[in-house]
Structures are given as structure tokens and as C-alpha cells.
Amino acid sequence: MKNRSVPMVIILGLVTIGIYYLIWLHQTRAELLEKKAAEKIMSPWLVLIPFVGGLIFIYGLWQYSEGAAKVTNNKYSHAVAFLLLWLLGPIGAGIVQGAYNEVGGAQA
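Everything numeric here is computed off the predicted structure, so don't read it as measured data. Numbering of residues starts from 1 in each chain and follows the order in which that chain's sequence is written. Local features in this predicted model are restricted to residues of pLDDT 70 or higher, and side-chain atom pairs are both shown and tallied only at a pLDDT of 80 or more, whereas totals for entire chains, interfaces and linings draw on every residue. For side-chain calculations, the full set of non-hydrogen atoms in the structure is used, while hydrogens and water are omitted.

Engineer: What's the story with the pattern of salt bridges in this structure? I'm lost.
Structural biologist: It is possible for side chains bearing opposite charge to pair when their charged atoms get close. A pair is scored as a salt bridge if a Lys or Arg side-chain nitrogen falls within 4 Å of a carboxyl oxygen belonging to Asp or Glu. In the structure shown here, the tally under the stated rule is 3 salt bridges. Between Lys 70 and Glu 66 there is a salt bridge; the shortest N-O distance is 3.8 Å. One end of the pair, Lys 70, and the other, Glu 66, are both in helix H3 (residues 53-71), 4 residues apart, so they sit about a helical turn from each other. Two residues, Glu 102 and Lys 75, come together in a salt bridge whose shortest N-O distance is 3.1 Å. Taken together, the residues span a long stretch of sequence, with Glu 102 in helix H5 (residues 90-107) and Lys 75 in the loop between H3 and helix H4 (78-87) at a distance of 27 residues. Whether a residue is buried, partly exposed or exposed follows from its accessible area with a 1.4 Å probe, protein chains only, as a fraction of its type maximum: under 20%, in between, or over 50%, in that order. Look at Glu 102 and you get partly exposed, because its relative accessible area is 49%. Residue Lys 75 is classed as partly exposed on the basis of its relative accessible area, which comes to 40%. Starting at the N terminus, helices and strands are each numbered in turn, a helix being any DSSP run of H or I of at least four residues and a strand any DSSP run of E of at least two.

Engineer: Please explain helix H2 (residues 19-34) as it appears in this structure.
Structural biologist: Three or four residues apart is the spacing at which side chains of an α-helix point the same way, because the helix has 3.6 residues per turn. In this analysis, the expected span of each helix is defined as 1.5 Å times one less than the number of residues it contains. Taking 1.5 Å as the rise per residue, H2 with 16 residues should run 22 Å; its terminal C-alpha atoms sit 23 Å apart, in good agreement. Among the residues of H2, Tyr 20, Tyr 21, Leu 22, Trp 24, Leu 25, Thr 28, Arg 29, Glu 31 and Leu 32 are the ones counted as buried. After H2 finishes, the residue Lys 36 shows a positive phi value of roughly 60°.

Engineer: Looking at this model, I keep getting lost on the packing of H2 against H3. Mind explaining?
Structural biologist: The angle between the axes and the distance between the axes are what describe a pair of packed helices. To get an axis, a line is fitted to the C-alpha atoms, and for a helix only the part in contact is used. The angle between two axes follows their N-to-C directions and goes from 0 to 180 degrees. Interaxial distance between H2 and H3 falls to 11 Å at its minimum, and their mutual angle equals 50°. On the basis of the axis angle, H2 is oblique to H3. Crossing geometry of H2 relative to H3 is assigned as left-handed. Across the interface between the two elements, Tyr 21, Leu 22, Trp 24, Leu 25, Thr 28, Arg 29 and Leu 32 of H2 pack against Phe 57, Leu 61, Tyr 64, Gly 67, Ala 68 and Val 71 of H3. With respect to orientation, any angle under 35 degrees is reported as roughly parallel, any angle over 145 as roughly antiparallel, any angle of 65 to 115 as roughly perpendicular, and every other angle as oblique. In a left-handed crossing the near helix is turned counterclockwise from the far helix by less than a right angle, and in a right-handed crossing that turn is clockwise. What makes two residues a contact is simply this: any of their non-hydrogen atoms within 4.5 Å.

Engineer: How should I be thinking about unusual backbone geometry in this particular structure?
Structural biologist: Most peptide bonds take the trans form, and the phi angle of most residues other than glycine is negative. One non-glycine residue, Ile 17, lies in the positive phi region at around 55°. Looking at the element boundaries, Ile 17 is found in the loop between helix H1 (6-15) and H2. The backbone of Lys 36 shows a phi angle near 60°, a positive value even though the residue is not glycine. Its location among the elements puts Lys 36 in the loop between H2 and H3.

Engineer: Before we go on, may I ask you to explain the side chain of Thr 28 in this structure?
Structural biologist: Here Thr 28 shows up in helix H2. Thr 28 gets classed as buried once you look at its relative accessible area, which sits at 0%. Any N or O atom pair separated by 3.5 Å or less is treated as a polar contact, with the protein-specific requirement of one donor-capable and one acceptor-capable atom, and with residues adjacent in sequence counted only for side-chain atom pairs. At 2.8 Å, the side chain of Thr 28 and the backbone oxygen of Trp 24 are in polar contact.

Engineer: Looking at this structure, I do not really get the nonpolar core. What am I missing?
Structural biologist: For soluble globular proteins, nonpolar side chains are generally found buried alongside one another. Residues grouped as a nonpolar core are buried Ala, Val, Leu, Ile, Met, Phe, Trp, Tyr and Cys residues, joined through side-chain atoms within 4.5 Å. Ranked by internal contacts, the top residues of the largest apolar core, which has 22 residues, are Trp 24, Leu 32, Tyr 64, Leu 85 and Tyr 100. Listing elements by their share of this core, those giving two or more residues are H2, H3, H4 and H5. For this core, the element with the most residues is H2, which contributes 6 residues. If sequence neighbours within four positions are ignored, Tyr 100 has contacts with Met 1, Asn 3, Trp 24, Thr 28, Leu 32, Tyr 64, Ala 68, Val 71 and Thr 72.

Printed below as a string of C-alpha cells:
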């Protein structure tokens, strides 16, 4: 996983009112799929679909969390990663990015 600045992930996510959070999810999703941590993860951009986008996004976060748990060797379990990303948004993304940075540093 690519190392990113945890404070910048949080700050940009909050300042852009969640737009950077979607970009971060998109970029890290590609990395998770590349590492084969998950068979498929729905695109975070599906949240933009009227009426059902929110439900699809939550399901996509559930898939994403499974890959995040695998790639970080269960530093945060599937359920904990999901709750961090869903309930805390950009702050949860920063926490998960910290776990990615630890894994990325160990592999380098």
C-alpha cells in the first residue's frame, strides 16, 4: 500500500466536505484489488446514484473493509474497519491509512 500522510488524509477529507474521502477510497480500492486482498470492491463513486447510492456505498464500504482487514493482517477487523470508515468518514480513513502505512513500511 502506498504511504500517505495521515493528517493530510483527514484534513483534506474534512476541508473538501468528503470529496477527497471518495478520492482516497477510489485510490486505495485500486491498490487493494491489485494486491488481491479482495475479489471485488464496488466503486465509491456509486454514492452519486440518486435514491440508492447511499445503500450501495455502505455495501461497498463493507467489501472495502474486508480487503483492508486482510492487507493489514487484521490490525482492524473487518467490522471495526467498516465502522471506522462509515461512522467517522475522513477521520476513519486517516486511521486506516495509518495501518496501511505500517504495512507499507514493513514491506519496503
